Amino acid sequence: MKAAVLERRGADGLSWREFPDPVPRPGESILKVAASSLNRVDLYMRDNGAGITHTLPQVLGVEAAGEIVETEPGSGLRKGAKAILYSVAFCGKCRYCEAGDQPLCVSARLMGEHRHGGFAEYVAMPNRCFFELPDEADLISAGSLMVGHLTAWRMIFGKRALQPGESVLIVGIGGGVAVACLQLALLVGARVYVTSSSDAKIARAISLGASGGVNYTRDPVSSSILELSGGGVDMVIDSVGQSSWSESLKSLRRGGRIVTCGATSGSNPSADLQRLFIRQLEVYGSTGGSVGEFRQLLDVFNRRLIKPVTDETFSMADIRSACDRLAAGSQFGKISLQT
């Protein structure tokens, strides 16, 4: 088969080339990939990969949708069916898996990180990671659904779900997770505010339904959000980290909560403990989503209530150009890849 294979670190170490076909282990099936999408972790794997157990050469890609082409008797899967992959190969036996919280699995192995991924013509995953889609499903959209929208789903509806009529600030609109948070927050009937260094991205978010935005290179975020929201927002979604954290905390109303799923600008902001306890703020982390949450997301997707926003589409053979687009940070939505 052909696959996007990382031979060595750096942009020149990733290429679309021939690679051995996947050989399924017992309890695994094969997906013929139609589409996937780029995520920040793909760039991290390409350029660094520290802390993620893997060996090179490695096929990248943490999501995929396509057609089931090989499965074993008794798997419950239909050969020829459209399907999307849950990209976490979880053990199903640890205390977290038994509680239905698969993202916390102690021996999880992620597609495209710990095992070969979805930037390929074919990929093997455990049978329990295959979720069949309706015959009329849009596989291109499905290929951009797993990472951004499932991460967003857990943040928006996880520990303390965003409620209709509440307000949320999404820091750094434009990336796949941030745009997915915008869509899901609007779906539930919340008021959404965004920040960006780009007036064009703020305008795009407003065209999709956001109530307002702040260009953080020009205007103070917290005072602007306090004015726009009438006293502070109920929730902040912050994946930027150190550079935005202080303003994010100041943008919350008393009793509000902040959810983080990343730290692209650094991992060690000031905790601002006095603000936390005096205003009784909540802070919690989130990553990925459970199988149960994935089923909920797929139900919404299959009913056509939500569709990933596509920034640009590339052939997987043009993987380097696609990575350049993501690395530039100018995208709004997902960068789609097709075989």
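Keep in mind the model is a prediction, meaning the values are calculated, not measured.

A. Region of the structure containing the pairing of strand β9 (residues 122-126). Across the 5 residues of β9, 4 count as buried, placing the element largely inside the fold. Two strands pair when backbone bridges link them, and strand β3 (residues 28-37) and β9 are joined in this way by 5 bridges, in the antiparallel orientation. From the neighbouring strand, isoleucine 30 faces β9, where its bridge partner is alanine 124.

B. Summary view of the packing of aromatic side chains. On inspection of all chains with the given rule, the structure shows 4 aromatic pairs. A ring pair is formed by tyrosine 86 and phenylalanine 90, whose centres lie 6.0 Å apart and whose planes are at 80 degrees; its orientation type is edge-to-face. Owing to a relative accessible area of 0%, tyrosine 86 belongs among the buried residues under this scheme. Here the aromatic cluster, defined as three or more aromatic residues joined through ring pairs, consists of Tyr86, Phe90, Phe131 and Phe294. The ring of phenylalanine 90 has arginine 128 sitting right over it, with the charged end atom 4.8 Å from the ring centre.

C. Highlighting the nonpolar core. Leu38, Ile84, Tyr86, Ile170, Ile173 and Phe294 are the most contacted members of the largest nonpolar core, which has 84 residues in total. In contact with isoleucine 170, not counting residues within four places along its chain, are Ala178, Cys181, Leu182, Val192, Tyr193, Val194, Thr195 and Ile237.

D. Expanded view of the side chain of serine 229. By secondary structure assignment, the location of serine 229 is in helix α7 (residues 221-229). With relative accessibility at 11%, the residue serine 229 sits in the buried group. From its side chain, serine 229 meets the backbone oxygen of isoleucine 225 in a polar contact 2.6 Å long.

E. Representation of the pairing of strand β13 (residues 212-215) within the structure. The pairing of strand β12 (residues 191-196) with β13 spans 4 bridges and is classified as parallel. Opposite valine 194, over in β13, you have glycine 213 as the bridge partner. With helix α6 (residues 199-208) bridging β12 and its parallel neighbour β13, the resulting β-α-β unit is right-handed.

F. Quick peek at the pattern of salt bridges. With the rule as written, the count across this model stands at 18 salt bridges. Where glutamate 63 meets lysine 334, a salt bridge forms, and the shortest distance between an N and an O atom there is 3.3 Å. Taken together, the positions of glutamate 63 in the loop between β4 (58-59) and β5 (65-70) and lysine 334 in strand β18 (residues 334-338) put the pair 271 residues apart, joining distant regions of the chain. Of the residues examined, glutamate 63 reaches a relative accessible area of 0% and is grouped as buried. The residue arginine 257 makes a salt bridge to glutamate 166 at a minimum N-O spacing of 2.9 Å. Of this pair, arginine 257 sits in strand β15 (residues 252-260) while glutamate 166 is found in the loop between α4 (146-157) and β11 (167-170), placing the two residues 91 residues apart along the sequence. Within the structure, one salt-bridge network assembled from shared partners comprises Arg25, Glu28 and Arg115.

What counts, and where the lines are drawn
Residues numbered from 1 in each chain as written. Predicted model: local features only at pLDDT ≥ 70, side-chain atom pairs only at ≥ 80, totals over all residues. Heavy atoms only, no water. Buried < 20%, exposed > 50% of the residue type's maximum accessible area, 1.4 Å probe, protein only. Helix = DSSP H or I, 4+ residues; strand = E, 2+ residues; numbered from the N terminus. Pairing = 2+ DSSP bridges. Phe/Tyr/Trp six-rings, centres within 6.5 Å; stacked < 30°, edge-to-face > 60°. Lys NZ or Arg CZ within 6 Å of the ring centre and 35° of its normal. Core = buried A, V, L, I, M, F, W, Y, C linked by side-chain atoms within 4.5 Å. Contact = heavy atoms within 4.5 Å. Polar contact = N/O pair within 3.5 Å; in protein donor to acceptor, adjacent residues only side chain to side chain. Right-handed = clockwise from strand over helix to strand, strands pointing away. Salt bridge = Lys/Arg side-chain N within 4 Å of Asp/Glu carboxyl O.

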